Structure formats: C-alpha cells, structure tokens
Amino acid sequence: MCGIVGYSGPQNPKDVIMGGLKSLEYRGYDSAGVAILHKGEFKRVRAEGKLSILQEKLINEPFDGHLGIGHTRWATHGAPVERNAHPHTVKGVSIVHNGIIENYLELREELARDAKARGQVIRFESETDTELVAHLIAYQLEITKGLLESVLKILPRLNGAFSILVVSKDHPDEMIAFKNGPPLIIGQAKGAVVVASDVQAILPHTNKVVYIDDFEIAHVKGESFRIYNSKGEPIVKPVVEIDWSADRVEKEGYPHFMLKEIFEQPRAVARALAPHIDVAKQTVSLSGTGITDAQWARVERVLIVACGTSNYAGMVGKYLIEIMARVPVETDIASEFRYRQPVMGADTLAIVISQSGETADTLAVLRQLKTLGVPSLSVCNVKNSTIDREADGHLYMNSGTEIGVASTKAFTSTIALMNVLALQIAKAKGRLSPEDEARYVNALLAAPAQMETVLACDKFFAAAADVLKNYKGFLYMGRGVSYPLALEGALKLKELAYMHAEGYAAGEMKHGPLALIDKRMAVVMLAPSDNLYEKTLSNLEEAKARGGVIIALGTVGNERLRGISQSYLTLPRAEWNVNPLLEAVPLQLLAYHVASALGHDVDQPRNLAKSVTVE
Ligand code: M6R
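Criteria and cut-off values
Residues numbered from 1 in each chain as written. Predicted model: local features only at pLDDT ≥ 70, side-chain atom pairs only at ≥ 80, totals over all residues. Heavy atoms only, no water. Near = heavy atom within 4 Å. Polar contact = N/O pair within 3.5 Å; in protein donor to acceptor, adjacent residues only side chain to side chain. Areas by Shrake-Rupley, 256 points an atom, 1.4 Å probe, with all protein chains shown as cover. Helix = DSSP H or I, 4+ residues; strand = E, 2+ residues; numbered from the N terminus. Pairing = 2+ DSSP bridges. Contact = heavy atoms within 4.5 Å. Axes fitted to C-alpha atoms, helices over the stretch in contact; angles between N-to-C directions. Domains from an automatic or database assignment. Buried area = accessible area lost by both parts, 1.4 Å probe. Salt bridge = Lys/Arg side-chain N within 4 Å of Asp/Glu carboxyl O.

Quick look at the site of the ligand
Okay, so step 1: Taken together, 14 residues surround the ligand, and among them Ser310, Ser354, Ser356, Thr359 and Glu495 come closest.
Okay, so step 2: Ser354 places a side-chain nitrogen or oxygen 2.6 Å from an oxygen atom of the ligand.
Okay, so step 3: When the ligand is considered free in solution it has 410 Å² of accessible area, and contact with the protein chains removes 90% of it.
Okay, so step 4: At the level of secondary structure, the elements contributing two or more residues to the shell around the ligand comprise helix H9 (308–325) and helix H16 (482–497).

Some remarks on the side chain of Glu264
Okay, so step 1: You can see Glu264 is positioned in the loop between helix H6 (257–263) and helix H7 (265–273).
Okay, so step 2: Within the local environment of Glu264, its side chain forms a polar contact with the side chain of Lys409, the two groups lying 2.7 Å apart.

Examining the sheet that holds strand S2 (residues 31–38)
Okay, so step 1: Within the open sheet, the eight strands sit side by side as S3-S2-S4-S1-S10-S9-S11-S15. Their pairing is antiparallel. Among the strands making up the open sheet, the edge pair consists of strand S3 (41–48) and strand S15 (240–241).
Okay, so step 2: One ladder, built from four bridges, connects strand S1 (residues 3–8) with strand S10 (residues 192–196); its direction is antiparallel. Within the sheet, the bridge partner assigned to Tyr7 lies in S10 and is Val194.
Okay, so step 3: Of the strands in this sheet, S1, S2 and strand S4 (67–73) touch helix H1 (residues 13–24), which is tilted by about 155° from S1.
Okay, so step 4: Contacting S2 and S3, helix H2 (residues 51–58) runs over the sheet at an angle of about 135° to S3.

Some points on the domain arrangement of the protein
Accessible area lost upon the coming together of the parts is a frequently used measure of interface size.
Okay, so step 1: Assigned domains within the protein: domain 1 (3–242), domain 2 (245–451) and domain 3 (456–615).
Okay, so step 2: For domain 1 versus domain 2, the distance between C-alpha centres works out to 34 Å.
Okay, so step 3: Contacts between the two partners involve eleven residues from domain 1, matched on the other side by twelve residues from domain 2.
Okay, so step 4: Buried area between domain 1 and domain 2, summed over both chains or domains, comes out near 900 Å², and the portion from carbon and sulfur atoms is 54%.
Okay, so step 5: The largest share of the area that domain 1 buries against domain 2 comes from Pro183, Gln200 and Tyr211, three residues that together contribute 42% of it.
Okay, so step 6: Connecting domain 1 to domain 2 are one salt bridge.
Okay, so step 7: The interface formed by domain 1 and domain 2 contains one residue pair in polar contact (both at pLDDT 80 or more).

Okay, structure coming up:
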C-alpha cells in the first residue's frame, strides 16, 4: 500500500521519481505528489486521483535541484483528497510514508502539549497520521540540527508499520530512509541513489540494491549512502545483485494489463511448472527449494496461510495434498490465523503464499511460525520480497510481473505449484506410484495448451457482458477442488464489477443461500465431469427450479449440462487436479468483461491496492 520513491543524483528528479511512481502505482492510486528541490526549497506538487493527473500538473513545473521524493497513495487516515496527499511538509521538512502510525493520536497530543508549554500552537493541515511524523522531525531538527540525529530520536517513539523518506530544506543534499514493516530498498546507481518501495522502481537505474531492515536507517548524502542501526551505529549490509531486468510493463496491444495477464496464463503456468518437472522421466522434484528430502518425508501435517486470492489457491492445495498425499492440511486466512493462538507442532510444514511477498498479515504469520519452530515454505512471485527472504524454503510462481490489481496469472501459477507440492509430499511419503505420478505429470504438462483453448471464452463474455451486468447478483458454486474456484470467481467479480457475488460449496446452497435465487440472480455452476459431478448436477437443478439463470462450466461433450443451462461453456477433458486451472480462466474473463461493460477501471479497481502492507 502506497508507493514511495526518492532520488538523489544528476538526472532531473522529476523524471526519475515519476517513472518510479508509475511502476509503483499498483500499490495505491487515490492521490500522488512529489517534493523536489527548487531554488533551495522543496517545491511540493500534489494531486487528487491517479498519477496521470499529477503528471499533467507537473508538465510545466521546473525543478533546478537534484534531490526529491514522491508518493502514490492508498488512503488509510483521511479521505483521498489533495490536502491529505503526500508529501507532508512542516517547516521545510517533507516526508512521504507508506503504512500506519498506530500511536499518532497519542503523539499528536503530546506534541501539542509540549508546544503549548513553549507558548506555541501546532497546526495540522491534514487528517493523516503521516503529518505528525513531519512535525516530530521538524521539532527535533530545531534541537539537534542533524537530519539523521532527528530521525534517530523519533524512531523509537513510532508504533505501527511504516516506511518513510525524509528531506529538509536545511539539508539540501541529504535524504533519510527508514522503516518498520513495509519494504524499502535502496539502490546505488552511477553517481546517484534511488530509494523505493519496490525494486521495480530502482531497476531502470541499477540492479545493485540493499534491502533496508526494520529499524535501520539509510542516510543518503549526495551520490552515496550509509546504513545505520537504531542506535546510530554504521552497519555494513550485503549488496544484492538482482538477476532480472525491469520487467516489461506494457500492455502489448491489450486494452488492459488484466486481459494481457489472463492471456499470459498458459505460459505462466508452464513457467511455474518447468523447474520442477522432468518431462522425459515424467516425474516431479522439489529439490533446491531449501526443504530437504528428510523434511519432506517427516511432514505429518500441512498448514497453508495466505490472504485473498492466494488463500483460495491455497485451498485448492488442501484438496490436492490431502487426496494425493493423505496428509491432513489446514488452511486459514492470515489475518485470522495470527490472532487465534494456533496449536502447531514441529511435524507441520507451513506454506505461506503471497504473490507480492509483502502482505502484512501473511508476513506476520510467517514470523509467528518461526518463533514456534515450524518450518516454512514461501510461495511468492516477487523474488527477494520480505516473505521470500524470511522463509526457510522458497518456491516461485515465475509468473512475471502482475500489474493488474486483481490477481490472475499468479493465481493459476500457484495452483500449478500446489499440484507439484502435493505430488512431492505424496512421493516423499511413499504414497505415489510411478504410474500415478506419470499420469498427474502428463495432465499438468497438457494444462497450458488446454488453458489456451479455454481462452476462447473471451468472445462469449465480451458479448454477454451487457446482459450479465444487469443481474442483481451472482452466485458461484462448486464442489471439491472447484469450491475454492467458486470463491475466487465471486471475489474477482466483487473487486472488479463492484457487484454482489458469493461463492458457495454447491452442497451448502440449500442451507440458506438458495433463498437468494430468483430470475435476477445469475448462478455460475462449476460442474466438470469429476467424481462429484452428479452431486453438483443435483444442486444445479435445485437452483434452476428456483428460477436462477444458469451459466455452467462443464467438461466438453456433456450434453446433459448443456440442456439445463442458459449458457454452457465447455472445458477440455482433464484430470481432476487440472480442472481448477481451466475453470479459473472463464471466471476471470466473466469478471473482466462485466466490469468493462460497467465502465470500471479493471486494472485499478476502486479502494484496492496490489500490495497490502498494512493490517
Ligand atoms: O500479494 P498477496 O498474494 O499476498 O496478496 C493477497 C491478496 O491481497 C490478493 O490476492 C488480493 O485478494 C487480490 N486483490 C486478488 O485479486
């Protein structure tokens, strides 16, 4: 949530900062701003709304200095209006902030009291928690005169999650970066320093970066920087060489990133599987992930924790692992798990899934598990993200950068990896025959081409969206591995089309939600020809009998299903473990086209952000 960029160097900071913010816009997009040195002052320009509005405002703004900071916001405290946009400036001190200062009200009262005792009045211009930090630093600067010293003084007072950049007109060649929680990365380019929330904003300038850890402070001076611990002692940190160049973030002819990413899925799934499958031998292997063969064999219980779409991919994993490996699996959403005093044993393998690798709740769970001595395996898309760096073992989605806020290709890549995990555990436990392994592997290898054929649904939903958008709501139903897909289908529609949608286990309908069904309710039924097909069909009949408008996804050649549905979309015949990969595609296309027909911004849905670094 929120993207921050700082630059000190010979280029025009406006260009570097705006370029960086563009690649961070996925983190928040309700307002944006910069503070850049000009004529000895930090000139601040802010705008409500998307970054493009700030861009417009900046066209004719000259800056003669070589230091600046910028921010793209996802509002936590205060409405998304210009006066709450960052940077916040107090007495020449400008700051940008990602996160939440939990004790800001208490600190604000304290500051007001101190000021009153000195015969001063503190005025706040915004409703943000951030402005308070600018006041605290400005106040300290009057005493200590040093920017680093001021930050060292206030840092122990701040509670919450934050990453912050600070500049001051009295220190025109310095910038301070510090954090607790959300990521902050600093890159040393030729004659320049770039600091940002995500390595994407740094990569156009350098691939040599340092990951700032919690309560460390980076002090940028001119073209170089030093890192200090919270006591103000200089420390030496490893320089990480990022082995990938800035991903291409172009739409490549697609109207939206989301549609491009939906169409990229066959390739993304193939890339996720490739490192773990021996095509010639028709086997899987998870060597080189940091979990040893002995550890795989010792797994008696699996815990999968994640948020949102990643959680639904994890739920698919539960079915796969339990059925293939006969090991009990518990899944939970991270925000619940972290506060429910879970009972864990050392024989548990914890799998934490996060596309971004930065989700605050998921990260908190990972840290909690470490203190309980539970071995962990992360499944991330962003290499070197905090979750990736802190877990014991690592698996990568290899999806390539996902720009659309609604997750698509990371979801299907994760499902592919859940398959590999299930097979690996089954094998390590001696519960997978070579024949079954070969059968599952071949099914997975065929999946990308099968997904390719399902992409043809695009035309159907593009045409149907004008009708679908008028339904009062959508109910998604499925059983077994298709149940998490029903949840994911509903989430996609909610986040993109802002329509009422619910995902349900099909067998649960008659226990309540059936009451919702009438002729204005669309029922999306996931009914592939698997062992639960007949049961699902009965549930479909029940929904139809109540007047629901049925959109069914079924296996090709299933004429019975075609007969009872208003719309019938076919999936290629596949093993049960592959069906979720095929079902995901039409569900994403449905949400995409309905949202587009409603005129919504599908890449940046309202109120959301791609990387949720606050609780
Ligand atoms: O980066 P993560 O996978 O940890 O993110 C988890 C959720 O915030 C994310 O999946 C969210 O639900 C997406 N908006 C789904 O499209």
